[in-house]
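# Observations on the three-dimensional arrangement
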Amino acid sequence: MTETRKPVGMELHHAIVNHYSAEVRMLQNQQYREWFDTVIAEDIHYWMPVYEQRFARDRRPDPTPGDAAIYNDDYAELLQRVDRLLTGQVWMEDPPSRIRYFVTNVEAFEIAPFEFEVFSNVLVHRNRRQSEVYVHTLGREDKLRKTDSGFKVFSRKLNIDARVVQDKNLYFFA
C-alpha cells in the first residue's frame, strides 16, 4: 500500500523555497559560518551515502547511516568542516571554487507539527582555477523544523547521481 501524504499549502511551500534560495545565496557567497549558524539544527544528520549501481534483480537494501558514506556528519563534524574551510588552509579550495547551486522540483510534506520532509533536485556547477569545470546532480531529502528564526535543517540526505565522480574532491556543501 502506498503511503499518502498531504503536501503543504502554497504559502508554506513558498516560504520553504525562499529558505532554499537564501541558503544557496549564502553558500554561493562563501558565507559558510553564517550558513551553518542560520540553517543547521543542532541535531543535524548530514549524509551522502555511497550507492552501488545494481541490476534490477539485486534486492540488497539501500545504504543505512551505519554503512560507508562520503559524508556522515553530525553537528560537531559539520562544524569542523566549516571551520576548517574558513582557515584558508584547505589547499583544494585555494583559490576557492566558484559554485552555483540550482534547487528545483521542491516537494514539501508536513510530518509533525512544525516539521517537514522536503524532496528536491540540486544541480551544483563548480568552477575551479581556469579550466576545471564539474557538474553534479543530486537528489536531496531534507527534514526541516520551523523555528522562530526560520527553518532549520535537522536531516539532509544527498543522493549524488554519478557512481564515479570525476571531480577531484567533494569539498562543498549542498
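So, here's what we can say about the structure. Not measured: the values here are computed from a predicted model. (Residues numbered from 1 in each chain as written. Predicted model: local features only at pLDDT ≥ 70, side-chain atom pairs only at ≥ 80, totals over all residues. Heavy atoms only, no water.)

## Here we look at the nonpolar core
- Grouped together as the largest cluster of nonpolar side chains are 40 residues, with contacts concentrated most on Ile16, Trp35, Tyr46, Leu78, Tyr101, Val118 and Phe173.
- Of all the elements in the fold, those that place two or more residues in this core are α1 (10-28), α2 (32-39), β1 (46-49), α3 (75-86), β3 (98-112), β4 (115-128), β5 (132-147) and β6 (150-160).
- In terms of residue count, the dominant contributor to this core is α1 (five residues).
- In this structure Ile16 touches Val106, Ala108, Phe116, Val118, Leu144 and Phe151, once residues within four positions along its chain are discounted. (Core = buried A, V, L, I, M, F, W, Y, C linked by side-chain atoms within 4.5 Å. Buried < 20%, exposed > 50% of the residue type's maximum accessible area, 1.4 Å probe, protein only. Helix = DSSP H or I, 4+ residues; strand = E, 2+ residues; numbered from the N terminus. Contact = heavy atoms within 4.5 Å.)

## Quick word on the pairing of β4
- With 12 bridges joining them, β3 and β4 adopt antiparallel strand pairing. Bridging from a neighbouring strand, Val103 pairs with Val122 of β4.
- In this structure, the hairpin formed by β3 and β4 is closed by a connection of two residues, where Phe114 is found at a positive phi of approximately 70°.
- By the bridge criterion, 14 bridges tie β4 to β5 in an arrangement that is antiparallel. Looking at the pairing, Asn127 lines up with Val133 of β5.
- Joining the antiparallel neighbours β4 and β5 is a turn of three residues, in which Arg129 adopts a positive phi near 55°. (Pairing = 2+ DSSP bridges.)

## Quick look at the packing of aromatic side chains
- Applying the stated criterion to the full structure yields six aromatic pairs.
- On the numbers, 4.9 Å between centres and 35° between planes, the contact of Trp35 with Phe173 is tilted. One end of the pair, Trp35, is in helix α2; the other, Phe173, is in the segment after β6, and 138 residues separate them in sequence.
- Classification of Trp35 as buried rests on a relative accessible area of 0%.
- Ring geometry for Tyr46 against Tyr71: centres 5.9 Å apart, planes inclined by 50°, an arrangement best described as tilted. With Tyr46 in strand β1 and Tyr71 in strand β2 (residues 69-73), this pair connects stretches of sequence that are 25 residues apart.
- Aromatic rings pair up to connect Tyr32, Trp35 and Phe173 into one cluster.
- Here the guanidinium or amino end of Arg5 rests over the ring plane of Phe109, the centre of that ring lying 4.6 Å away. (Phe/Tyr/Trp six-rings, centres within 6.5 Å; stacked < 30°, edge-to-face > 60°. Lys NZ or Arg CZ within 6 Å of the ring centre and 35° of its normal.)

## A short note on the side chain of Arg156
- Residue placement: Arg156 occurs in strand β6.
- Residue Arg156 is classed as buried on the basis of its relative accessible area, which comes to 1%.
- If we ignore the near neighbours within four places in the chain, the residues touching Arg156 are Tyr20, Glu23, Trp35, Ile44, His45, Tyr46, Trp47, Arg140, Glu141, Asp142 and Ala174.

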